[in-house]
Structures are given as C-alpha cells and as structure tokens.
Number of protein chains: 2
Amino acid sequence: MAQILLGKEVTASLNEEIEEKVKTLKEHQVMPKLGIIRIGEKQDDIAYERNAIKRCEKLSVAYEKFLLPEDVTEEIVIDTIQKLNKAEDIHGVLIFRPLPSHLDEEKILNTLAVEKDVDGITNLSMAGIFAGKEMGYAPCTASACIRILDHYGIDCTGKKAVIVGRSLVVGKPVSMMLLKKNATITVCHTKTKNIKQEVQAADIVVAAAGSAGFIKKEHLRTGQVVIDVGINVNEEGNLCGDVAFDEAEPIVDAITPVPGGVGGVTTSILVEHVVNAALLKMKASEK
Amino acid sequence: MAQILLGKEVTASLNEEIEEKVKTLKEHQVMPKLGIIRIGEKQDDIAYERNAIKRCEKLSVAYEKFLLPEDVTEEIVIDTIQKLNKAEDIHGVLIFRPLPSHLDEEKILNTLAVEKDVDGITNLSMAGIFAGKEMGYAPCTASACIRILDHYGIDCTGKKAVIVGRSLVVGKPVSMMLLKKNATITVCHTKTKNIKQEVQAADIVVAAAGSAGFIKKEHLRTGQVVIDVGINVNEEGNLCGDVAFDEAEPIVDAITPVPGGVGGVTTSILVEHVVNAALLKMKASEK
C-alpha cells in the first residue's frame, strides 16, 4: 500500500505561501498580474486557461487575456509580446504552444523577456535550468514534480532518480533540477535498452513518457517514489497517467495519482512564478 | 588489452576536414580568424593559448590576441568583446576563464555574440546544448569527447553512458550531447551512492571527476569504452587522468590515454568551431 502523494495537499500548502507573498506585494501597492497570449481556439488551451484563471482569481492575482486569431501574422504576435515585455503592470506571460505552423516559434518565444518567462519557454530560462543559476523559470510541470517531492519531505541527495522521457517541458528540465538537488540522474527514452532494469534501479521515478500505462509492475519495486507526469486518455475514455496505477500502488512506497497528482499543482506553480516575478521586480526597484 | 583511442588519430582526421573547409573559405576570399582575449598572465592560459595558436598556424587559420591587464576594468573588457562582436574579420572568440574576481563574469561572458562563441561559454550556447538545437557551440572539451566516439565508430544509440562529473564545461554538456545521440545517460557526482556499481553498469564511461585516478579497476568491466577527460598531476609530477590507466587498460575494451587522448583533440575542435562559424557566416551572406 503506497502513500498517495496528493496534488491537492501540495497545492494547499503552495497556495498558502502564495497568499502570503501576495499580501506582501499588496502592502507595497503591487498587484501581481499574469498576461495570457492565446492564438486560436484550441480546446486544450482553453481548458488550461480556464484553470489558470480560476487559480489566479482564488489567489487574488490579476490576469489579462490577449487573444489572437489562428491566422495572425508574426509581426502582430511579436508586437503583442513586446508590449507585454514593457507593460509595468504585467509580471509574467503565458504563451500557449505549439504556435500555428506559419509562425516562427523560435523567434517568437524568444521575444519574451526572461524575467517574465513564467513557463520556461525562452532560451535564457533553459540556460538557467541547465546551468542551475537564477535566471528565468522552469517549465511549470517540471517545477510541480520537484515541489511534490519537497512537500512530502523526500530528500533527493544521493538518491537514484530515473526520468523516463527527454522532452524540453518535463524530462530534461526535471533531470537538471534533480541533479541540482544532488540526485544521481538517469534519463531513459524510446531508445533505451533494458528500461525495466533501469526504472527498477530507481529510488525516484519520474514518468514522462507520454504513453498510457507505460510503467507497469515489472518496472517497479518496494521503496520507490513515483511521480507520474502523464496525462493520457485510456480506452474507456478516462484520464490516466504513464504509470499503471493499480499495478504500481501495491508495490511502491509512494505515488502520485492521475488525475489528482502533478496536474493540479502545475497551475499553482504558474501563479507562484508570477508572484515571484512581481516580488523580484519590487525588490529590484527598491534598490 | 584495450584498444587505445589516440587523440592524434582523431586530430589527424579532424584536421583534414578543417583543411578542406579552409580551402572552401579561401576560394570565397574568406580567411577564418580567431580572436583571443586573455586577461593577466596565468601560466595555464598561456600554455593553452600557445597550443591554440600552433594549431591555428598549422591549419592556416588566422588569430589575433587581445591582452588585457589583470586589473582591467569591466568597461574595457566589455568594449573589447563588443568590438570583436562587430569585427567582420573575426569569426570566433576565445575568452580565458575564470576572469579576475573583481569582474562580473556572467555579464561579461554573455556580452559575446552567440555566433562567435566557439567555446560554449554564453547562456545561448548552453541553451543550444540543453535543447539540442543549432545555436552557438558546445565547450571544446565536451565536443572532443563526442568526436573521439564518432571517429572510432562507437555508436551511442541505446548504450548506457555514465558521466562522472557535472561541470558546465564537461559533465553537463557531454550528458546532453550523448542524450542527443540516443544514449541512456546517467550523471554521477560527489553525492552519488554506489558509484562503483553505477560506473560498472556503463557501456560508455566519461570520466570528468577532476580527481587523479578516481576510476579504478573495481569500477570497470569488460566491454566498456572509457573517455578520460581528467588532466591531473600525480605525486611523481606526471600528467595523469581521472582513470587509473594501468588498472583499466587490461579490463576495458577501449580507453583514451592521458596525455594523448582528449586534450589534444580539444584544440583542433576550437579551430573547427572557428572555421564552422566562418562557413555559417559565408553561407548567410550568400543568401
């Protein structure tokens, strides 16, 4: 019987911290604010936006939406980002990706000022994660994984962390963040041989393969902590993770459920990044 | 009896490629040129500079030295870099580090234009390595490790690569480059438990621990390829690597010696980066 690492418990404690920070900001007449740039009307984007807005409202963080049509020109997108870079009242910017294919994503995303890059999409945020230095922000999902470990007091030092997946949104940044926390990291992917053996050797497993139920009982053993980043829809039409939860739960020591694990934490991390950006700006202006 | 992976063989083939590229450049009236910025008179810097210059001369690549006094101001260093950024005839810039402690290294290094960052010191080069995209250059030592594997036809796909060390100059970039080559990567460091077991599980070992003879026979097994990045001086005053060569050589399948392995390749990689930068500039101007 594993300990279930509940996203809502992490979120509750994270939200308390955010509320304290928002209070501090308001005492200094600063209203933290998120700018949201959405191009087109993709259902996934709209669903995430709705959750982000709800979380902002709950935590007294302002937001403003900048909605652009699917066939928007590169110039207009870049103008919009530059406007938000300059806007004194906007502290963080969320841009939904992937962008429509007629747009130069590399150029557009890197127009965003690193200090407002609250979802870690710019080259400078990536350099910050790679080098382990304070510059920009990690992608919210990657930060959510680390926050869950921290919340439940799981020390990473000297632990063997195996990350399944090497995406820029989860696998690579989580690997670098776990390395910074002194874990020994192993990154597995589709070309990995003996993936069962690799995952079984882990103390901490981060499953970000993007494949429903990819991690099964034969990958797992007693003593492991499993963070399931997968969000998939199974044959019955239900949300499920990259880990076969029913197989894993009797074996491992602790596991995040899907839904109810990493996903919900991500939205609060986004808001935390906005609030942290506002605090950094406030402190810089006080100097 | 291991195959000895000789740096000079890699360098010979690399130099041939460089000479071909230089020929192409000269047919287009382009003379590739390296700018070297050295602050102070550190012996290590001077030794590396001498080797770099020799390699440039051998390969018909021009160079120019910009020597600044140990107590130079930040303003002058930044002015120098900006001048080289703008200089049409300079294609790559080498800046010796660490800089004297009164200088803001982060600010100064990131003044360098990414397209001239032939030793991978800027944030944008780091982002390129992390994301696996074509932007800037990897640190020359990291590139040298990969080049040795390539030269000797060692396919990394699905192999287990264990990197000992997590520096920004070797451990981290080599890890990302091996991941891009579809290896399963494990990064070990001073906080790693069971380092013997971790290294023994590797197909490819990259030793960048910075500690003489750190990797011994008990870390090794038959079938392994060992790249030794260490440059240390042992008790007898001789150059030696991070691997106890005499213990390793009878066990593993292939190994780079120290001296005679990675070190010599690094200088040719530097020149190659300069030549590649010149080619990229030439191609861009033809468009």
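Residues numbered from 1 in each chain as written. Chains lettered and ligands numbered in written order. Predicted model: local features only at pLDDT ≥ 70, side-chain atom pairs only at ≥ 80, totals over all residues. Heavy atoms only, no water.

- An unreviewed UniProt entry lists chain A under the name Bifunctional protein FolD, from Dorea formicigenerans.
- Its UniProt record, at the heading Sequence similarities (unreviewed entry), says of chain A: "Belongs to the tetrahydrofolate dehydrogenase/cyclohydrolase family."
- The UniProt entry for chain A carries this comment under Function (unreviewed entry): "Catalyzes the oxidation of 5,10-methylenetetrahydrofolate to 5,10-methenyltetrahydrofolate and then the hydrolysis of 5,10-methenyltetrahydrofolate to 10-formyltetrahydrofolate." (UniProt positions renumbered as here; feature names shortened; annotations may be inferred.)

1. Quick word on the overall build of chain A
And step 1. A count of helices and strands for chain A gives ten helices and eleven strands.
And step 2. Scaling as 2.2 N^0.38, a compact globule of 287 residues should have a C-alpha radius of gyration of about 19 Å, and chain A matches this with 19 Å.
And step 3. The dimensions of chain A, computed from C-alpha atoms along their principal axes, are 50 × 45 × 35 Å.
And step 4. Burial analysis of chain A (287 residues in total) assigns 57% to the buried set.
And step 5. Excluding contacts between residues fewer than 6 apart, the proportion of contacts in chain A whose partners are at least 24 apart in sequence is 70%.
And step 6. Each charge sign in chain A was given a centre, from 34 positive and 41 negative side chains, and these centres are 3 Å apart. (Helix = DSSP H or I, 4+ residues; strand = E, 2+ residues; numbered from the N terminus. Rg over C-alpha atoms; globule rule 2.2 N^0.38 Å. Buried < 20%, exposed > 50% of the residue type's maximum accessible area, 1.4 Å probe, protein only. Contact = heavy atoms within 4.5 Å. Lys, Arg positive; Asp, Glu negative; His and termini not counted. Charge placed at Lys NZ, Arg CZ, Asp CG, Glu CD.)

2. Overview of the pairing of strand β8 (residues 225–228) of chain B
Residues and elements named next belong to chain B.
And step 1. Of the two faces of β8, the one lined by V225 and I227 and the one lined by V226 and D228 are each fully buried.
And step 2. With two bridges connecting them, β8 and strand β11 (residues 254–255) associate as parallel partners. Across the sheet, residue V226 finds its bridge partner in β11, namely I255. (Pairing = 2+ DSSP bridges.)

3. Side note on the relation of the copies chain A and chain B
And step 1. Superposing chain A onto chain B takes a rotation of 180 degrees combined with a translation of 0.0 Å along the rotation axis, leaving an RMSD of 0.0 Å. Both chain copies can therefore be described as sitting about a two-fold axis.
And step 2. With an isologous cut-off of 70% or more, the 100% of interface residues of chain A that recur at the interface of chain B puts this contact in the isologous class. (Least-squares fit on C-alpha atoms with pLDDT ≥ 70 in both.)

4. Concerning helix α5 (residues 123–131) of chain B
And step 1. For α5(B), the buried fraction is high: eight of the nine residues fall into the buried class.
And step 2. What α5(B) keeps buried is the set B:N123, B:S125, B:M126, B:A127, B:G128, B:I129, B:F130 and B:A131.
And step 3. On its buried side, α5(B) packs onto α5 (123–131) and α7 (171–180) of chain A together with α4 (105–109) and α7 (171–180) of chain B.
And step 4. Positioned one or two residues after α5(B), B:G132 has a phi angle of 70 degrees, which is positive.

5. A short note on the pattern of salt bridges
And step 1. Tallied over the entire structure, the rule returns 30 salt bridges over all chains.
And step 2. A salt bridge links B:K160 to A:E198, with the shortest nitrogen-to-oxygen separation between them at 3.0 Å. Note that B:K160 is positioned in strand β5 (residues 160–164) and A:E198 in helix α8 (residues 195–200), a pairing that runs across two chains.
And step 3. Assessed through its relative accessible area of 11%, B:K160 is described here as buried.
And step 4. As a salt-bridge pair, B:R38 and B:E41 come within 3.4 Å of each other at their nearest N and O atoms.
And step 5. Residue classification places B:R38 among the buried residues on the basis of a relative accessible area of 4%. (Salt bridge = Lys/Arg side-chain N within 4 Å of Asp/Glu carboxyl O.)

6. Here's the deal with a negative patch on the surface
And step 1. Among the surface-exposed residues, A:E16, A:E19, A:E20 and A:E27 lie close enough to one another that they form a single negatively charged patch.
And step 2. Along the chain, A:E20 falls in helix α1 (residues 7–27). (Patch = residues over 30% accessible without salt bridge, like charges linked within 9 Å, V, L, I, M, F, W, Y side chains within 5 Å. Areas by Shrake-Rupley, 256 points an atom, 1.4 Å probe, with all protein chains shown as cover.)

7. Details of the interface of chain A and chain B
And step 1. Each partner contributes residues to the interface: chain A has 32 residues there, and chain B has 32 residues.
And step 2. Of the roughly 2,900 Å² buried between chain A and chain B, counting both surfaces, carbon and sulfur atoms make up 61%.
And step 3. Taken together, the links from chain A to chain B amount to four salt bridges.
And step 4. Across the chain A-chain B interface, the total number found is 19 residue pairs in polar contact (both at pLDDT 80 or more).
And step 5. Those elements that provide at least two residues to the side of chain A that touches chain B are α5, α7 and β6 (184–188) of chain A.
And step 6. Of all the elements, α5(A) adds the most residues to the side of chain A that touches chain B, at seven residues.
And step 7. A per-class count over the side of chain A that touches chain B returns 15 nonpolar, nine polar and eight charged.
And step 8. By the bridge criterion, three bridges tie β6(A) to strand β6 (residues 184–188) of chain B in an arrangement that is antiparallel. Residue pairing in the sheet places A:I185 in a bridge with B:V187 of β6(B). (Buried area = accessible area lost by both parts, 1.4 Å probe. Polar contact = N/O pair within 3.5 Å; in protein donor to acceptor, adjacent residues only side chain to side chain. Nonpolar A, V, L, I, M, F, W, Y, C, P; charged D, E, K, R; others polar.)

8. Digging into the sheet that holds strand β8 (residues 225–228) of chain A
And step 1. If you walk across this open sheet you meet the twelve strands as β1(A)-β11(A)-β8(A)-β7(A)-β5(A)-β6(A)-β6(B)-β5(B)-β7(B)-β8(B)-β11(B)-β1(B), and the pairing is mixed. Strands at the two margins of the open sheet, each flanked by one partner only, are β1 (3–4) of chain A together with β1 (3–4) of chain B.
And step 2. One ladder, built from four bridges, connects strand β5 (residues 160–164) of chain A with strand β7 (residues 204–207) of chain A; its direction is parallel. Bridge pairing links A:I163 to A:V206 in β7(A).
And step 3. Sheet strands touched by helix α6 (residues 140–151) of chain A: β7 and β8 of chain A. Its angle to β8(A), the strand with the most contacts, is close to 150 degrees.
And step 4. In the packing of α7(B) onto the sheet, contacts are made with β6 of chain A together with β5, β6 and β7 (204–207) of chain B, and the angle to β5(B) comes to roughly 170 degrees. (Axes fitted to C-alpha atoms, helices over the stretch in contact; angles between N-to-C directions.)

9. Section: the packing of helix α1 (residues 7–27) of chain B against helix α6 (residues 140–151) of chain B
Residues and elements named next belong to chain B.
And step 1. The contact between α1 and α6 brings their axes to 10 Å, and the two run at 95 degrees. In terms of axis orientation, α1 runs roughly perpendicular to α6. Counting all contacts with α1, which are made through E9, V10, S13, L14 and E17, the residues of α6 involved are R147, I148 and H151.
And step 2. In terms of residue class, the contact of α1 with α6 is built from three nonpolar, two polar and three charged. (Parallel < 35°, antiparallel > 145°, perpendicular 65-115°, else oblique.)

10. Side note on the UniProt feature "domain: Tetrahydrofolate dehydrogenase/cyclohydrolase catalytic" (unreviewed entry) in chain A
And step 1. Following the UniProt record, one finds the feature "domain: Tetrahydrofolate dehydrogenase/cyclohydrolase catalytic" (unreviewed entry) at residues 6–119 of chain A.
And step 2. As annotated, residues 6–119 of chain A comprises 48% helix and 16% strand, and the C-alpha atoms at either end are separated by 22 Å.

11. Looking at the packing of α6(B) against helix α10 (residues 262–286) of chain B
Relative placement of two packed helices is described by the angle separating their axes and the distance separating the axes.
Residue and element names in this part refer to chain B.
And step 1. Where α6 meets α10, the closest approach of the two axes is 8 Å, and the angle between their N-to-C directions is 105 degrees. Here α6 is positioned roughly perpendicular relative to α10, judged by the angle of their axes. Of α10, the residues touching α6 (which contributes C140, T141, S143, A144, C145, R147 and I148) are V262, V265, T266, I269, L270, E272 and H273.
And step 2. Residue classes in the contact of α6 with α10 are distributed as eight nonpolar, four polar and two charged.

12. Focus on unusual backbone geometry
And step 1. Residues A:V258 and A:P259 are joined by a peptide bond in cis, for which omega reads -5 degrees.
And step 2. For A:P259, the position within the fold is in the loop between β11 (254–255) and α10 (262–286).
And step 3. Look at the link from B:R97 to B:P98: it is a cis peptide, with omega at 0 degrees.
And step 4. Of note in the backbone geometry, A:Q29 takes a positive phi value of approximately 60 degrees without being a glycine.

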